[in-house]
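The primary structure of each chain is shown beneath.
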Amino acid sequence: MFDNLNWWEIGALLLLALLIFGDRLPAVINDGLRMVRNLRNMARNATGDLSRELGTDIQLEDLHPKAFIRKHLLSEEDEAAIRKPLQGVYDDLRADVTGVHNDLKDVAKAADIRSNGSRPSTVASTPSAPAPRVSYDDAT
């Protein structure tokens with residue numbers, strides 16, 4: 001939850017909470033924890049009621065509509081039949097994108113002056129090494 005906060009930011013938030021709530025901070029924290037416990041109990045009771053009504057074992061993660069349908073309503077054969085046409089479209093799209101990517105690489109290689117060997121003539125002085133170019137493939 002606090003993956004993108006460093007210790008200074010967390011300390012500043014705690015100090016701000018202390019300034020806002022003052023002496024009531026422990027009571028506010030206690031109320032927040034009690035609310036979280038009540039929400040967990042409500043979710044546990046709801047899944048228990050659903051399990052009893054449907055006659056199957058339902059977990060809290062199963063309440064997502066896709067997961068519920070996949071686990072409780074569709075057999076493996078039904079799921080494979082649904083995925084089959086979409087898998088063909090996905091494979092065709094992936095092949096097209098790969099073809100376009102390869103064509104773009106070929107065009108970039110043909111447009112690259114260093115790979116053609118034809119370099120425009122400049123002042124005949126000591127040739128300095130050109131700065132390395134970052135290609136599209138390196139960036140992706």
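Residues numbered from 1 in each chain as written. Predicted model: local features only at pLDDT ≥ 70, side-chain atom pairs only at ≥ 80, totals over all residues. Heavy atoms only, no water.

Colleague: I tried to follow the overall build of the protein chain on my own but got confused; where do I start?
Modeller: When you go through the protein chain residue by residue, the secondary structure sums to six helices and zero strands. Taking all 140 residues of the protein chain together, 5% fall into the buried category. In the structure as shown, the protein chain presents an accessible area of about 12,800 Å², 61% of it carried by carbon and sulfur atoms. (Helix = DSSP H or I, 4+ residues; strand = E, 2+ residues; numbered from the N terminus. Buried < 20%, exposed > 50% of the residue type's maximum accessible area, 1.4 Å probe, protein only. Areas by Shrake-Rupley, 256 points an atom, 1.4 Å probe, with all protein chains shown as cover.)

Colleague: Explanation requested: the side chain of Ser51 in the structure shown.
Modeller: Note that Ser51 resides in helix H2 (residues 25-54). Accessibility expressed as a relative area gives 16% for Ser51, which makes it buried. Discounting chain neighbours no more than four positions away, the residues touching Ser51 are Thr56, Asp57 and Ile58. (Contact = heavy atoms within 4.5 Å.)

Colleague: Would you mind going over the pattern of salt bridges with me for this structure?
Modeller: Tallied over the entire structure, the rule returns two salt bridges. Asp31 serves as the salt-bridge partner of Arg34, at 3.0 Å between the closest nitrogen and oxygen. Of this pair, Arg34 and Asp31 both sit in helix H2, three residues apart, which is roughly one turn of the helix. Two residues, Arg52 and Asp49, come together in a salt bridge whose shortest N-O distance is 2.2 Å. Of this pair, Arg52 and Asp49 are both found in helix H2, three residues apart, which corresponds to roughly one turn of the helix. (Salt bridge = Lys/Arg side-chain N within 4 Å of Asp/Glu carboxyl O.)

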